[in-house]
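Chain by chain, the residues:
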Amino acid sequence: DARVTQTPRDKVTEMGQEVTMRCQPILGHNTVFWYRQTMMQGLELLAYFRNRAPLDDSGMPKDRFSAEMPDATLATLKIQPSEPRDSAVYFCASGLGQGRMNTEAFFGQGTRLTVV
Amino acid sequence: AQKITQTQPGMFVQEKEAVTLDCTYDTSDPSYGLFWYKQPSSGEMIFLIYQGSYDQQNATEGRYSLNFQKARKSANLVISASQLGDSAMYFCAMREGEGRRALTFGSGTRLQVQP
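Remember, it's a predicted structure, so these values are computed and weren't measured experimentally. Position numbers for residues start from 1 in each chain and track the written sequence from start to end. The naming scheme follows written order: chains are lettered A onward, ligands numbered 1 onward. Reporting in this predicted model follows two pLDDT cut-offs: at least 70 for local features of residues, and 80 or more for side-chain atom pairs to be given and counted; totals over whole chains, interfaces and linings ignore these cut-offs and use all residues. With hydrogens and water stripped out, all remaining heavy atoms of the structure feed into the side-chain values.

1. Some words on the overall build of chain A
- The helix and strand labels rest on DSSP assignments: H or I over at least four residues marks a helix, E over at least two residues marks a strand, and numbering proceeds from the N terminus. If you tally the helices and strands in chain A, you get zero helices and eleven strands.
- Ordered by position from the N terminus, the helices and strands of chain A form the series β-β-β-β-β-β-β-β-β-β-β.
- For the radius of gyration, the atom set is restricted to C-alpha positions; the globular benchmark scales as 2.2 Å times the number of residues to the power 0.38. Relative to a compact globule of 116 residues, whose C-alpha radius of gyration would be 13 Å, chain A shows 13 Å and is just as compact.
- By principal-axis analysis of the C-alpha atoms, chain A measures approximately 40 × 30 × 30 Å.
- Buried positions account for 48% of the 116 residues belonging to chain A.
- The Shrake-Rupley method, run with a 1.4 Å probe sphere, supplies the accessible areas, and residue values consider only the shown protein chains as cover. Surface summary for chain A: the accessible area is close to 5900 Å², and the carbon and sulfur share equals 49%.
- None of His or the chain ends enter the tally, which takes Lys and Arg as positive and Asp and Glu as negative. All charge positions are set by atom: Lys at NZ, Arg at CZ, Asp at CG, Glu at CD. The distance from the centre of the 13 positive side-chain charges to the centre of the 13 negative ones in chain A is 3 Å. Only protein chains enter the accessibility calculation, which uses a 1.4 Å probe; a residue whose area is less than 20% of its type maximum is buried, one above 50% is exposed, and one in between is partly exposed.

Structure representation (C-alpha coordinates):
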(Lines give C-alpha, C1' and ligand atoms only; values in the text may rest on other atoms or scores of the structure.)
Protein backbone atom coordinates (compact mmCIF):
# COMPACT_ATOMS: atom_id res chain seq x y z
CA ASP A 1 0.00 0.00 0.00
CA ALA A 2 1.89 3.04 -1.29
CA ARG A 3 1.73 6.08 0.92
CA VAL A 4 3.58 9.25 1.79
CA THR A 5 5.45 8.87 5.07
CA GLN A 6 6.17 11.83 7.32
CA THR A 7 8.29 11.92 10.43
CA PRO A 8 7.92 12.85 13.17
CA ARG A 9 4.16 12.73 13.66
CA ASP A 10 4.31 15.11 16.57
CA LYS A 11 7.01 17.53 17.63
CA VAL A 12 7.12 19.87 20.60
CA THR A 13 10.08 22.19 20.73
CA GLU A 14 11.21 25.33 22.41
CA MET A 15 11.35 28.65 20.65
CA GLY A 16 14.68 29.16 18.95
CA GLN A 17 15.38 25.49 18.33
CA GLU A 18 15.90 23.97 14.91
CA VAL A 19 13.14 21.69 13.63
CA THR A 20 13.55 19.22 10.78
CA MET A 21 10.58 17.46 9.25
CA ARG A 22 11.07 14.58 6.84
CA CYS A 23 8.97 13.16 4.07
CA GLN A 24 9.29 10.04 1.99
CA PRO A 25 7.20 10.48 -1.18
CA ILE A 26 5.50 7.60 -2.93
CA LEU A 27 8.01 5.69 -5.02
CA GLY A 28 7.90 6.92 -8.60
CA HIS A 29 6.26 10.24 -7.83
CA ASN A 30 8.25 13.17 -9.17
CA THR A 31 6.48 16.07 -7.48
CA VAL A 32 6.57 16.91 -3.80
CA PHE A 33 4.62 19.60 -1.98
CA TRP A 34 4.89 21.02 1.51
CA TYR A 35 1.73 22.57 2.94
CA ARG A 36 1.09 24.17 6.31
CA GLN A 37 -2.35 24.00 7.93
CA THR A 38 -3.50 26.38 10.64
CA MET A 39 -6.95 27.34 11.85
CA MET A 40 -6.46 30.94 10.77
CA GLN A 41 -4.81 30.48 7.36
CA GLY A 42 -6.06 27.07 6.30
CA LEU A 43 -3.85 25.10 3.93
CA GLU A 44 -0.98 27.18 2.56
CA LEU A 45 1.58 26.02 0.03
CA LEU A 46 5.12 26.40 1.33
CA ALA A 47 7.16 24.67 -1.36
CA TYR A 48 6.76 22.62 -4.51
CA PHE A 49 9.41 20.40 -6.07
CA ARG A 50 9.44 18.61 -9.38
CA ASN A 51 12.19 16.15 -10.18
CA ARG A 52 13.88 17.38 -6.98
CA ALA A 53 14.13 20.94 -8.26
CA PRO A 54 12.21 23.68 -6.44
CA LEU A 55 9.48 25.13 -8.67
CA ASP A 56 7.72 27.37 -6.20
CA ASP A 57 8.73 28.33 -2.69
CA SER A 58 7.14 31.76 -2.71
CA GLY A 59 4.91 30.84 0.23
CA MET A 60 7.82 30.00 2.47
CA PRO A 61 9.39 32.53 4.88
CA LYS A 62 12.93 32.47 3.52
CA ASP A 63 14.65 33.84 6.58
CA ARG A 64 13.92 30.80 8.71
CA PHE A 65 12.50 28.07 6.49
CA SER A 66 14.31 25.89 4.02
CA ALA A 67 13.17 22.95 1.94
CA GLU A 68 15.35 20.45 0.11
CA MET A 69 15.25 17.12 -1.65
CA PRO A 70 18.60 15.45 -1.09
CA ASP A 71 17.39 12.52 -3.22
CA ALA A 72 14.20 11.28 -4.83
CA THR A 73 13.15 9.39 -1.71
CA LEU A 74 13.55 12.17 0.84
CA ALA A 75 12.24 15.70 1.22
CA THR A 76 13.05 17.85 4.22
CA LEU A 77 11.60 21.02 5.67
CA LYS A 78 13.69 22.88 8.23
CA ILE A 79 12.82 25.76 10.48
CA GLN A 80 15.69 27.58 12.17
CA PRO A 81 15.08 29.26 14.53
CA SER A 82 11.54 28.14 15.30
CA GLU A 83 8.95 30.56 16.69
CA PRO A 84 5.58 30.00 18.39
CA ARG A 85 3.77 31.26 15.27
CA ASP A 86 5.22 28.29 13.37
CA SER A 87 2.96 25.97 15.36
CA ALA A 88 0.84 24.16 12.79
CA VAL A 89 0.36 20.86 11.02
CA TYR A 90 2.82 20.46 8.19
CA PHE A 91 1.77 18.19 5.36
CA CYS A 92 3.91 16.65 2.69
CA ALA A 93 2.22 15.43 -0.48
CA SER A 94 3.51 13.76 -3.60
CA GLY A 95 2.19 13.21 -7.09
CA LEU A 96 2.96 12.70 -10.75
CA GLY A 97 3.47 16.04 -12.38
CA GLN A 98 4.20 15.46 -16.03
CA GLY A 99 1.88 18.26 -17.02
CA ARG A 100 -1.13 16.11 -16.26
CA MET A 101 -4.00 18.02 -14.74
CA ASN A 102 -5.83 15.11 -13.23
CA THR A 103 -3.13 13.81 -10.95
CA GLU A 104 -4.14 14.28 -7.39
CA ALA A 105 -1.67 14.94 -4.62
CA PHE A 106 -1.34 12.10 -2.10
CA PHE A 107 -0.89 13.45 1.39
CA GLY A 108 1.09 12.15 4.31
CA GLN A 109 -0.32 12.04 7.83
CA GLY A 110 1.23 15.37 8.70
CA THR A 111 3.62 16.56 11.39
CA ARG A 112 1.97 18.45 14.22
CA LEU A 113 4.49 21.05 15.36
CA THR A 114 4.13 22.93 18.62
CA VAL A 115 6.66 25.63 19.44
CA VAL A 116 6.54 26.80 23.05
CA ALA B 1 -8.40 37.58 -4.63
CA GLN B 2 -9.41 34.18 -3.33
CA LYS B 3 -8.85 31.45 -5.87
CA ILE B 4 -11.18 29.00 -4.14
CA THR B 5 -14.17 30.05 -2.05
CA GLN B 6 -16.12 27.77 0.21
CA THR B 7 -18.90 29.82 1.79
CA GLN B 8 -20.23 27.22 4.20
CA PRO B 9 -18.07 26.93 7.31
CA GLY B 10 -20.33 24.19 8.66
CA MET B 11 -23.14 21.98 7.42
CA PHE B 12 -25.46 19.47 9.07
CA VAL B 13 -27.17 16.60 7.30
CA GLN B 14 -29.29 13.69 8.44
CA GLU B 15 -27.97 10.22 7.89
CA LYS B 16 -29.05 8.77 4.51
CA GLU B 17 -29.86 12.23 3.11
CA ALA B 18 -27.94 13.93 0.31
CA VAL B 19 -25.87 17.05 0.92
CA THR B 20 -24.24 19.62 -1.36
CA LEU B 21 -21.04 21.40 -0.39
CA ASP B 22 -20.43 24.59 -2.31
CA CYS B 23 -17.24 25.64 -4.06
CA THR B 24 -16.60 28.53 -6.41
CA TYR B 25 -13.30 29.27 -8.07
CA ASP B 26 -11.54 32.07 -9.86
CA THR B 27 -9.13 31.60 -12.73
CA SER B 28 -8.41 33.05 -16.13
CA ASP B 29 -6.55 29.92 -17.19
CA PRO B 30 -8.60 27.85 -19.68
CA SER B 31 -6.99 24.65 -18.44
CA TYR B 32 -7.49 23.75 -14.82
CA GLY B 33 -8.51 20.89 -12.56
CA LEU B 34 -10.77 20.87 -9.55
CA PHE B 35 -10.38 18.47 -6.64
CA TRP B 36 -12.21 17.61 -3.46
CA TYR B 37 -10.47 16.26 -0.38
CA LYS B 38 -11.87 14.94 2.89
CA GLN B 39 -10.10 15.47 6.20
CA PRO B 40 -11.53 13.38 9.04
CA SER B 41 -10.74 14.15 12.66
CA SER B 42 -7.68 11.92 12.44
CA GLY B 43 -6.13 14.59 10.23
CA GLU B 44 -5.18 12.85 6.99
CA MET B 45 -6.18 14.35 3.65
CA ILE B 46 -8.11 11.91 1.47
CA PHE B 47 -8.65 12.55 -2.23
CA LEU B 48 -12.29 12.12 -3.26
CA ILE B 49 -12.96 13.31 -6.79
CA TYR B 50 -11.53 15.25 -9.73
CA GLN B 51 -13.07 17.38 -12.50
CA GLY B 52 -11.13 18.76 -15.44
CA SER B 53 -12.04 22.05 -17.08
CA TYR B 54 -12.50 20.36 -20.44
CA ASP B 55 -14.50 17.43 -19.14
CA GLN B 56 -17.94 17.34 -20.71
CA GLN B 57 -19.58 15.28 -18.03
CA ASN B 58 -19.76 15.74 -14.29
CA ALA B 59 -17.39 13.50 -12.37
CA THR B 60 -18.76 10.73 -10.17
CA GLU B 61 -17.05 8.40 -7.71
CA GLY B 62 -19.38 6.14 -5.81
CA ARG B 63 -21.54 8.29 -3.55
CA TYR B 64 -19.62 11.42 -4.55
CA SER B 65 -20.49 13.51 -7.56
CA LEU B 66 -19.30 16.91 -8.68
CA ASN B 67 -21.82 19.42 -9.97
CA PHE B 68 -19.61 21.34 -12.39
CA GLN B 69 -21.04 24.58 -13.75
CA LYS B 70 -18.26 26.12 -15.77
CA ALA B 71 -20.00 29.39 -16.67
CA ARG B 72 -20.72 30.01 -13.00
CA LYS B 73 -17.25 28.81 -11.99
CA SER B 74 -18.69 26.46 -9.43
CA ALA B 75 -17.76 22.89 -8.56
CA ASN B 76 -20.07 21.71 -5.83
CA LEU B 77 -19.61 18.32 -4.18
CA VAL B 78 -22.72 16.21 -3.77
CA ILE B 79 -22.65 13.37 -1.27
CA SER B 80 -25.58 11.01 -1.61
CA ALA B 81 -26.92 8.76 1.16
CA SER B 82 -24.82 10.37 3.88
CA GLN B 83 -23.20 8.11 6.44
CA LEU B 84 -21.93 8.87 9.92
CA GLY B 85 -18.40 8.30 8.64
CA ASP B 86 -18.82 11.21 6.24
CA SER B 87 -18.50 13.65 9.14
CA ALA B 88 -15.29 15.53 8.36
CA MET B 89 -13.81 18.69 6.88
CA TYR B 90 -14.13 18.92 3.12
CA PHE B 91 -11.75 20.98 1.02
CA CYS B 92 -12.15 22.12 -2.55
CA ALA B 93 -8.90 22.70 -4.45
CA MET B 94 -7.78 23.83 -7.89
CA ARG B 95 -4.74 23.28 -10.05
CA GLU B 96 -4.06 25.70 -12.89
CA GLY B 97 -1.51 26.02 -15.63
CA GLU B 98 -1.55 22.62 -17.32
CA GLY B 99 -0.57 20.94 -14.09
CA ARG B 100 2.56 23.01 -13.62
CA ARG B 101 1.29 24.60 -10.43
CA ALA B 102 0.45 23.17 -7.02
CA LEU B 103 -3.03 22.79 -5.60
CA THR B 104 -4.68 25.85 -4.08
CA PHE B 105 -7.17 25.02 -1.34
CA GLY B 106 -10.34 26.65 -0.07
CA SER B 107 -11.02 27.23 3.62
CA GLY B 108 -13.08 24.08 3.97
CA THR B 109 -16.56 23.06 5.12
CA ARG B 110 -17.13 21.02 8.25
CA LEU B 111 -19.85 18.46 7.62
CA GLN B 112 -21.62 16.77 10.49
CA VAL B 113 -23.87 13.82 9.76
CA GLN B 114 -26.56 13.31 12.37
CA PRO B 115 -28.18 9.93 13.13
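2. A closer look at the overall build of chain B
- On a plain count of helices and strands, chain B comes out with zero helices and twelve strands.
- Listing every helix and strand of chain B by position from the N terminus yields β-β-β-β-β-β-β-β-β-β-β-β.
- Here chain B has a C-alpha radius of gyration of 14 Å; the compact-globule value for 115 residues is 13 Å, and the two agree.
- Its C-alpha atoms put chain B at 40 × 25 × 20 Å along the principal axes.
- Split into buried and exposed, the 115 residues of chain B put 50% on the buried side.
- For chain B, long-range pairs separated by at least 24 residues make up 54% of all intrachain contacts whose partners lie at least 6 apart in sequence.
- Total accessible area on chain B is roughly 5500 Å²; 47% of this is exposed by carbon and sulfur atoms. The contact criterion used is simple: two residues touch if any of their non-hydrogen atoms lie within 4.5 Å.

3. Observations concerning the side chain of S74 of chain B
- Turning to its location among the elements, S74 of chain B is positioned in strand β9 (residues 74-79).
- Other than its neighbours up to four places away in sequence, S74 of chain B contacts C23, T24, Y25, N67, F68 and Q69 of chain B.

4. A closer look at the state of the cysteines
Residue and element names in this part refer to chain A.
- The criterion for a disulfide is a pair of cysteine sulfur atoms lying within 2.5 Å. Summed over the entire model, instances satisfying the criterion amount to two disulfides over all chains.
- Each sulfur of the disulfide joining C23 and C92 lies 1.9 Å from the other. The S-S bond linking C23 to C92 shows a torsion near -60°; that makes this disulfide left-handed. Of this pair, C23 sits in strand β3 (residues 19-24) while C92 sits in strand β9 (residues 88-95), placing them 69 residues apart in sequence.
- By relative accessible area, C23 is classed as buried at 1%.

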